[in-house]
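The residues making up each chain are set out below.
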Amino acid sequence: MVRRQLAAALAAVALLSSAAQAEDAVKVGLILPMTGQQASTGKQIDAAVKLYQAVNGSTAAGKKIEVILKDDTGVADVAKRLAQELVVNDKVAFLAGFGLTPIALAVAPIATQAKVPEVVMAAGTSSITDASPFVVRTSFTLAQSAVPMAEWAVKNGINKVVTLVSDFGPGIDAEKSFTERFKSDGGTVIESLRVPLRSPDFSPVLQKAADAKPDAVFVFVPSGQGAQFVKQFVERGLDKSGIKLIATGDVTDDDQLNGMGDVVIGVINTHNYSAAHDSAANKAFVDAFKKANAGMRPNFMAVGGWDGMHLIYEALKMTGGATDGDTLLAAMKGMAWESPRGPISIDPQTRDIVQNIYVRKVEKKDGELYNVEFATIPNVKDPVKAAKK
Ligand code: DHB
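Residues numbered from 1 in each chain as written. Predicted model: local features only at pLDDT ≥ 70, side-chain atom pairs only at ≥ 80, totals over all residues. Heavy atoms only, no water.

**Some points on the overall build of the chain**
Reasoning step 1: Summing up its helical and strand segments, the chain has twelve helices and 15 strands in all.
Reasoning step 2: In terms of overall size, the chain behaves like a compact globule, its C-alpha atoms giving a radius of gyration of 22 Å where 389 residues would be expected to give roughly 21 Å.
Reasoning step 3: Overall, the chain is about 90 × 45 × 35 Å in size when its C-alpha atoms are taken along their principal axes.
Reasoning step 4: Evaluated residue by residue, the chain yields a buried proportion of 54% over its 389 residues.
Reasoning step 5: Residue pairs in contact within the chain that sit at least 24 positions apart in sequence constitute 68% of those at least 6 positions apart.
Reasoning step 6: Accessible area for the chain stands at about 15600 Å²; split by element, carbon and sulfur atoms hold 54% of it. (Helix = DSSP H or I, 4+ residues; strand = E, 2+ residues; numbered from the N terminus. Rg over C-alpha atoms; globule rule 2.2 N^0.38 Å. Buried < 20%, exposed > 50% of the residue type's maximum accessible area, 1.4 Å probe, protein only. Contact = heavy atoms within 4.5 Å. Areas by Shrake-Rupley, 256 points an atom, 1.4 Å probe, with all protein chains shown as cover.)

In structure tokens form, the structure reads like this:
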């Protein structure tokens, strides 16, 4: 009898404390394209967020961090509705994710109105951080990669280029920032080609690029489209034309690189993250990520998700668990840490990421294709915002 009473009392205590914990939980609304064309971005970031919690525990500042994952299907209107529900019904302290620029932009007014930090883990158009004072970015901007690619090209005897980009925010940023730097360094852009974001067919533009006979084609396509691009590049015979392929690292994406075949060996590209980045932190990250995900290799999207979680955890630690948006933003501004990609920080003025950009060459190592870093441009701020000042 006594034992039964004790058991009942213990059960009641357990219930109460789990209720208290649930009440005390800090909720993170994670909005990602888990289905649709950009599903690989969702899959990578979701895996990284789960790994972050597995490695670092599910509490910060004594509070349980509860991640609520929602699938925006890659559609901005869906993301907007989900963000509204997460703020109003779930009372999330953070909105995070954002696999595409139009999605990050659609949610920005909600972040502003609700004073909820919007942690952009994927999208890369420069203007996103201007859309709300509550946006903080842990991904990258396209200008960060495109400018060093232009500099490298001119220094390495590439004088005539055709640009080929996906026709939306990050592609237009990549085209513009590459072209400006390439021209000011003495190069000529002979044609600027764009392909639609949705279900692109690269064949017609590749034919135009081939006909223009440039030294190189500079390419940006979003994560998940690189393999299809390379396939059509080969089908059109550009690999045998003597026209070089140069790109932002979105094209030689670690998620797909191995499947692209030896034709990409030697491709020079610029980006913020390679799974082959040589550091102890990255080795631990890649090993743990592969182990938890049936061998899947993390890409630059995964690293944006991992660091976004780090930013959330560390901001909460700094505020002692306080979750009002202004206090969290103050904690996030200027934060610096070592990411699997190398040293990074949040620019306190722009809330955008400051990070190394690496010049890489695709090489085969132990039978697998990797982006092998051979030059580093340290602490790169978003060139678009830097130019405005
Ligand atoms: C964006 C999406 C991508 O998949 C990528 O590689 C770069 C930028 C974007 O929508 O901003």
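**Things to note about the domain arrangement of the chain**
Note: interface size is frequently given as the accessible area lost on complex formation between the parts.
Reasoning step 1: When the domains of the chain are assigned, the result is domain 1 (2-140 + 279-351) and domain 2 (143-271 + 357-388).
Reasoning step 2: Listed per partner, the contact involves 27 residues of domain 1 and 31 residues of domain 2.
Reasoning step 3: Three residues stand out in domain 1 for area buried against domain 2, namely Q37, R297 and F300, and they jointly supply 31% of the buried area on that side.
Reasoning step 4: Our count for the domain 1 to domain 2 interface comes out at three salt bridges.
Reasoning step 5: At the junction of domain 1 and domain 2, the tally comes to 14 residue pairs in polar contact (both at pLDDT 80 or more). (Domains from an automatic or database assignment. Buried area = accessible area lost by both parts, 1.4 Å probe. Salt bridge = Lys/Arg side-chain N within 4 Å of Asp/Glu carboxyl O. Polar contact = N/O pair within 3.5 Å; in protein donor to acceptor, adjacent residues only side chain to side chain.)

**Some details on the sheet that holds strand β2 (residues 59-60)**
Sheet strands associate in pairs through backbone hydrogen bonding, adopting either a parallel or an antiparallel arrangement.
Reasoning step 1: Strand order in this open sheet of six strands is β2-β3-β1-β4-β5-β6, and the pairing throughout is mixed. Looking along the sheet, the strands with just one partner apiece sit at the ends: β2 and β6 (135-137).
Reasoning step 2: Taken together, the two bridges between β2 and strand β3 (residues 63-71) define a ladder with antiparallel strand orientation. Within β3, the position partnered with A60 by the bridge is K63. (Pairing = 2+ DSSP bridges.)

**Some remarks on helix α8 (residues 226-235)**
Reasoning step 1: Within α8, burial applies to G226, F229, V230, Q232 and F233. Mapping the buried residues of α8 onto a view down its axis gives an arc of 165°, with all of them on the same face.
Reasoning step 2: Tucked into the core, α8 has its buried residues touching β7 (160-166), α7 (203-212), β9 (216-220) and β10 (244-248).
Reasoning step 3: Just downstream of α8, G237 is the residue with a positive phi angle, here 80°. (Arc of directions from axis to C-beta.)

**Overview of the packing of helix α5 (residues 142-155) against helix α6 (residues 169-184)**
Packed helix pairs are specified by the crossing angle of their axes together with the interaxial distance, meaning the distance between the axes.
Reasoning step 1: One can describe the packing of α5 onto α6 by two numbers: an axis separation of 8 Å at closest approach and a directional angle of 35°. Read as a crossing pair, α5 and α6 show a hand that is right-handed. Where α5 abuts α6, its residues L142, A143, A146, V147, M149, A150, E151, A153 and V154 lie against P170, D173, A174, S177, F178, R181 and F182.
Reasoning step 2: Residues belonging to the contact of α5 with α6 are distributed by class as follows: twelve nonpolar, one polar and three charged. (Axes fitted to C-alpha atoms, helices over the stretch in contact; angles between N-to-C directions. Left-handed = near helix turned anticlockwise from the far one by under 90°. Nonpolar A, V, L, I, M, F, W, Y, C, P; charged D, E, K, R; others polar.)

**Considerations on empty space enclosed by the protein**
Reasoning step 1: This model, assessed by the stated rule, comprises one cavity of 30 Å³ or more.
Reasoning step 2: One number sums up the size of the largest cavity: a volume of about 110 Å³.
Reasoning step 3: Looking at the largest cavity, it is lined by 17 residues, and the ones nearest its centre are G99, A122, P170, P222 and M301.
Reasoning step 4: For the lining of the largest cavity, the per-class residue count stands at ten nonpolar, six polar and one charged.
Reasoning step 5: Here the lining of the largest cavity spans two domains, and each of domain 1 (2-140 + 279-351) and domain 2 (143-271 + 357-388) adds at least three residues to it. (1 Å grid on protein atoms, 1.4 Å probe; cavity = no way out; pocket = protein on both sides within 12 Å on 5 of 7 lines; lining within 4 Å. Points joined across faces, edges and corners; volume = space filled by probe spheres on them.)

**Here we look at the site of the ligand**
Reasoning step 1: Not every one of the 17 residues close to the ligand is listed here, only the nearest: L100, T101, G124, S223 and D250.
Reasoning step 2: Contact between the ligand and T101: an oxygen atom at 2.5 Å from a side-chain N or O atom of the residue.
Reasoning step 3: The side chain of D250 places a nitrogen or oxygen atom 2.6 Å from an oxygen atom of the ligand.
Reasoning step 4: If the ligand stood free it would expose 290 Å²; the protein chains cover 100% of that surface.
Reasoning step 5: Judged by the proximity of its atoms to the pocket grid, the ligand belongs to the largest cavity.
Reasoning step 6: Residue composition of the shell around the ligand, by class: ten nonpolar, six polar and one charged.
Reasoning step 7: Among the domains, domain 1 (2-140 + 279-351) and domain 2 (143-271 + 357-388) are the pair contributing at least three residues each to the shell around the ligand. (Near = heavy atom within 4 Å. Sits in = over half its atoms within 2 Å of the grid points.)

**Looking at the nonpolar core**
Reasoning step 1: Among the nonpolar cores identified, the biggest contains 90 residues, and F94, L95, F178 and F285 are the most heavily contacted of them.
Reasoning step 2: Taken together, domain 1 (2-140 + 279-351) and domain 2 (143-271 + 357-388) each give at least three residues to this core, which thus spans both.
Reasoning step 3: Not counting residues up to four positions away in its chain, the partners in contact with F285 are L51, Y273, P298, A302, V303, W306 and P340.
Reasoning step 4: Membership of the second largest hydrophobic core comes to 26 residues, among which are L164, L206, V217 and M260. (Core = buried A, V, L, I, M, F, W, Y, C linked by side-chain atoms within 4.5 Å.)

**Examining the packing of aromatic side chains**
Reasoning step 1: In total, this model carries ten aromatic pairs according to the counting rule given.
Reasoning step 2: Measuring from centroid to centroid gives 4.0 Å for F178 and F218, while their planes differ by 10°, and the two rings are stacked. On the criterion of sequence distance, the pair formed by F178 in helix α6 and F218 in strand β9 is long-range, its members being 40 residues apart. Here F178 matches F218 in class, with each residue buried.
Reasoning step 3: For the pair F229 and F233, a centre-to-centre distance of 5.7 Å together with 40° between the ring planes defines the contact as tilted. On the criterion of helical spacing, the pair formed by F229 and F233 is a turn pair, its members being four residues apart in helix α8.
Reasoning step 4: Assessed through its relative accessible area of 0%, F229 is described here as buried.
Reasoning step 5: In textbook terms, an aromatic cluster arises when at least three aromatic residues are bridged by ring pairs, as seen for Y52, Y273, F285, F289, W306 and Y313.
Reasoning step 6: Over the ring of Y370 we find R297; its NZ or CZ atom is 3.8 Å from the centre of that ring.
Reasoning step 7: Positioned over the ring face of Y370 is K365, at 5.6 Å from the centre of the ring. (Phe/Tyr/Trp six-rings, centres within 6.5 Å; stacked < 30°, edge-to-face > 60°. Lys NZ or Arg CZ within 6 Å of the ring centre and 35° of its normal.)

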